[in-house]
Amino acid sequence: AQSVTQLDSQVPVFEEAPVELRCNYSSSVSVYLFWYVQYPNQGLQLLLKYLSGSTLVKGINGFEAEFNKSQTSFHLRKPSVHISDTAEYFCAVSPILSTNDYKLSFGAGTTVTVRA
Amino acid sequence: GAGVSQSPRYKVAKRGQDVALRCDPISGHVSLFWYQQALGQGPEFLTYFQNEAQLDKSGLPSDRFFAERPEGSVSTLKIQRTQQEDSAVYLCASSLDNSQGGEGEKLFFGSGTQLSVL
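Residues numbered from 1 in each chain as written. Chains lettered and ligands numbered in written order. Predicted model: local features only at pLDDT ≥ 70, side-chain atom pairs only at ≥ 80, totals over all residues. Heavy atoms only, no water.

## Structural notes on the environment of P25(B)
Residue and element names in this part refer to chain B.
Working step 1: With respect to the helices, strands and loops of the structure, P25 is situated in the loop between β3 (19-24) and β4 (31-37).
Working step 2: Taking C-alpha positions, P25 is 7.9 Å from C92, a pair spaced 67 residues apart along the chain.
Working step 3: If near-sequence neighbours (up to four positions away) are discounted, P25 is found in contact with V4, L32, R69, S73, V74 and S94. (Helix = DSSP H or I, 4+ residues; strand = E, 2+ residues; numbered from the N terminus. Contact = heavy atoms within 4.5 Å.)

## Regarding the layout of surface pockets
Working step 1: The computed volume of the largest pocket comes to approximately 540 Å³.
Working step 2: Along the wall of the largest pocket there are 26 residues; nearest its centre are Q38(A), E88(A), Q37(B), L39(B) and V89(B).
Working step 3: Of the residues in the lining of the largest pocket, the class split is 11 nonpolar, 13 polar and 2 charged. (1 Å grid on protein atoms, 1.4 Å probe; cavity = no way out; pocket = protein on both sides within 12 Å on 5 of 7 lines; lining within 4 Å. Points joined across faces, edges and corners; volume = space filled by probe spheres on them. Nonpolar A, V, L, I, M, F, W, Y, C, P; charged D, E, K, R; others polar.)

## Observations concerning the sheet that holds strand β8 (residues 75-79) of chain B
All names here are of chain B.
Working step 1: In space, the 4 strands of this open sheet follow the order β1-β3-β8-β7, with antiparallel pairing throughout. The open sheet is flanked by β1 (5-7) and β7 (65-68), the only strands paired with a single partner. With strand direction ignored, the average angle separating the axes of adjacent strands in the sheet is 15°.
Working step 2: Pairing of β3 with β8 involves 5 bridges; the strand directions are antiparallel. Residue pairing across strands places R22 opposite T76, the latter belonging to β8. (Pairing = 2+ DSSP bridges. Axes fitted to C-alpha atoms, helices over the stretch in contact; angles between N-to-C directions.)

Rendered as structure tokens:
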């Protein structure tokens, strides 16, 4: 089984400032890692995912995340946020090479509020 | 349609009432998933279909929950004798394949149905 912990439930940040959202996971098997974003009244959208290879993953809208296997972390970063980045962000994992690698396990989410 | 469509957007039910939630996936998507998102929590897996076959229903909380996808496209999640703990947002998602491990593979989520049981 897998579990995901998002260490911050709310992150207020000023426009053009950097932001980091922290995610740690626990799993008995290797996992794929994902970040999803949910804008108000919209469905979840994939920001980026780590499958293999380079541990630094670049996604849409200027976001990037770094996989750290030894620390079982997958923190999300953006160097300069915009008001439009105000949303809820979810970290998720799914087991690799498993008959149920379709099954995502999500963290509780981090609400990012960007202020002018 | 262009995306995953869910209806109704909001549903208020009295305790004990049966409800049916509908999901229209993206045309041609083989895989369909239902997730439950309680207030302040992340989505939790309920069930998975590949075409019309329900291959995994391990996440359904009780036998009051039932899902179907009879023709391999539209899916319905039915909850019988609703209880207050069923209050949540129910999310539907679809994808071309079932594995999350494909480079081009992507899961598309609907906006959800918010169920409130009074």
